[in-house]
Every structure is written in structure tokens, then in C-alpha cells.
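Understanding the architecture of this molecule
This is what each chain is made of:
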Amino acid sequence: MFTGIIEETGKLKSLNGGRIEITCAKVLGDIKIGDSICTNGICLTVTDFAENYFAADVMPETLRRTSLENLNIGGAVNLERAMKVGDRFGGHIVSGHIDGVGKITNIRTDGNAIFITISAENFLLKQIAAKGSVALDGISLTVVDAGANDFSVSMIPHTRAVTNFNFKRVGSVVNIETDILAKYIERLMNFKTAPEITKDFLLENGF
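Read on for a plain summary of the structure. (Residues numbered from 1 in each chain as written. Predicted model: local features only at pLDDT ≥ 70, side-chain atom pairs only at ≥ 80, totals over all residues. Heavy atoms only, no water.)

Things to note about the overall build of the protein
- If you tally the helices and strands in the protein, you get five helices and twelve strands.
- The C-alpha extent of the protein, read off along each of the three principal axes, is 70 × 45 × 35 Å.
- For the protein, the proportion of its 207 residues judged to be buried stands at 42%.
- Considering only contacts in the protein between residues 6 or more positions apart, those separated by 24 or more positions represent 67%.
- Distance between charge centres in the protein, computed from 21 positive and 24 negative side chains, equals 4 Å. (Helix = DSSP H or I, 4+ residues; strand = E, 2+ residues; numbered from the N terminus. Buried < 20%, exposed > 50% of the residue type's maximum accessible area, 1.4 Å probe, protein only. Contact = heavy atoms within 4.5 Å. Lys, Arg positive; Asp, Glu negative; His and termini not counted. Charge placed at Lys NZ, Arg CZ, Asp CG, Glu CD.)

Here you go:
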């Protein structure tokens, strides 16, 4: 479990088949095999590490659902270690399970902030609400507005400067994790229970 408060930006060292290597520093401080590190919002399990990088296995489902394959070698990635019990909870509950990707369609200044608009598919937008929480490349952000085709967030300059959003441009693809409560609420509202198997049901269906 993560909070969406980025600890450092690392760099993509390699992505070959099902193995990814990330060059970094801070998150290696107390690293162990089996640790979870949120990488651009993706929960990865450390399988190997050295003095200046860690490695993890990446499943095909992860590649299909995220923006990993859009990264260039040397590209910046946001990193956060799993939260410790008793730590300050500065962001919101981030599971590291990416729901899909979106595309930045507009970036503009808004007073002392940066206003960013992102287009996304309908199944993601259904779980994004104004003033709710969303994680973009693992960054905990508050939704400013949510429309039929896109949503917007506002980011202070510090957040942009210390994350990979410093390198994002219009057209950049970002990983999206919607709020965990929204997922469960939608599931409960749309869940259809199986019909009760009664004599009348069997007769109606040809039995």
C-alpha cells in the first residue's frame, strides 16, 4: 500500500521481456528482495538489486494496461516505497494497481499552480469525481473537474519539479489509478446476482 507521495525519480535502465531495471538511490536505502516499490504508480516486487538499481518482473497484463512500453531508456519514473504503519498519511490510499492510461491534452499555468487536463476512456471516467482523489503515475492528486471525455487536476510547482511531470508534455501518456472506494461502489451498484434456481425458473428455461 502506498500514499502517492513520491520519494524520488529514478530512470529506466532496461526493459527486456518480463524484466525491468530502474536506476535510483533513495529507495535503495533499506531495500530487500520481495519489497514493493511503486514505479510510475505500478506496484513492482523487487527481485534483484545492486548499488544503484533494482530489478522487478513485469507481467504481460502490466504491460498491456500501463504506459511502461512508452518509456524510453533513461526516462524518468516516480518511485515510492510501501508505507510503514505509523507513518504520516500525506496522500490517499494508492494500491499500485493501474486501471488504465490517459493522455495529457492541455497544460497551463493557473496562478501559482499547473492545471493539467487528461483524456481517458469512459470506464475510467466513471470512477473519477470532482474533488475526489486520483493517482497519476503514482502521484496522489485531487481532481479539479471531471467531464464526459476528460478530467483535470491542479499541481503545485514543487510536485511538478520533483516528479516525472517535469518532463510531461501535451500528448504524454500517464498511468491512472482511480480511487479504490469508487471501484468497489461501482462493482456493488452493477453487480447482478444469479437467479434463484426454482421449479418455475427451470420450466421457463426448457427443463
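Picking up after the structure, the text goes on.
So, the packing of aromatic side chains
- Tallied over the entire structure, the rule returns zero aromatic pairs.
- In this structure, Lys13 packs its charged tip against the face of Tyr53, placed 4.7 Å from the ring centre.
- Sitting over the ring of Phe115, Arg108 keeps its end group 4.2 Å from the ring centre. (Phe/Tyr/Trp six-rings, centres within 6.5 Å; stacked < 30°, edge-to-face > 60°. Lys NZ or Arg CZ within 6 Å of the ring centre and 35° of its normal.)

Thoughts on the pattern of salt bridges
- Inspection of every chain in the model, using the stated rule, returns eleven salt bridges.
- Note that Arg19 and Asp48 form a salt bridge whose closest N and O atoms lie 3.4 Å from each other. Within this pair, whereas Arg19 is found in strand β2 (residues 19-23), its partner Asp48 is found in strand β4 (residues 42-49), the two being separated by 29 residues in sequence.
- Accessibility expressed as a relative area gives 28% for Asp48, which makes it partly exposed. (Salt bridge = Lys/Arg side-chain N within 4 Å of Asp/Glu carboxyl O.)

So, the sheet that holds strand β9 (residues 133-136)
- Read once around its circumference, the closed barrel built from six strands follows the order β7-β8-β11-β10-β9-β12, with strand pairing classed as antiparallel. Strand-to-strand twist in this sheet, taken as the mean axis angle between neighbours without regard to direction, amounts to 45 degrees.
- Bridge count for strand β8 (residues 113-119) against strand β11 (residues 150-155) is six bridges, and the pairing is antiparallel. Bridging across to β11, Thr117 finds its partner in Ser152. (Pairing = 2+ DSSP bridges. Axes fitted to C-alpha atoms, helices over the stretch in contact; angles between N-to-C directions.)

Regarding the state of the cysteines
- Within the structure shown, the criterion is met by zero disulfides.
- Cys38 takes part in no disulfide bond, and the closest cysteine sulfur to it belongs to Cys43, at a distance of 6.7 Å.
- A relative accessible area of 29% places Cys43 in the partly exposed class. (Disulfide = S-S within 2.5 Å.)

As for the side chain of Glu21
- Here Glu21 lies in strand β2.
- Sequence-distant contacts of Glu21, that is, excluding residues within four places in its chain, are made with Lys11, Leu12, Lys13, Ser14, Tyr53, Phe54 and Ala55.

Quick word on the sheet that holds strand β6 (residues 76-81)
- Reading around the barrel, the six strands line up as β1-β2-β5-β4-β3-β6 and close back on themselves, with antiparallel pairing between neighbours. Neighbouring strand axes in the sheet, compared pairwise and without regard to direction, differ in orientation by 45 degrees on average.
- As paired strands, strand β1 (residues 8-16) and β2 are joined by five bridges and run antiparallel to one another. Bridging across to β2, Asn16 finds its partner in Arg19.

Digging into the pairing of strand β3 (residues 36-39)
- Two strands pair when backbone bridges link them, and β3 and β4 are joined in this way by four bridges, in the antiparallel orientation. If you follow Cys38 over to β4, its bridge partner there is Cys43.
- Linking β3 to β4, which pair antiparallel, is a turn of two residues; within it Asn40 sits at a positive phi near 55 degrees.
- Examined bridge by bridge, β3 and β6 share three bridges and lie antiparallel to one another. Its bridge partner lying in β6, Ile37 is registered against Arg81.

Keep in mind that these numbers describe shape and distance, not what the molecule does.
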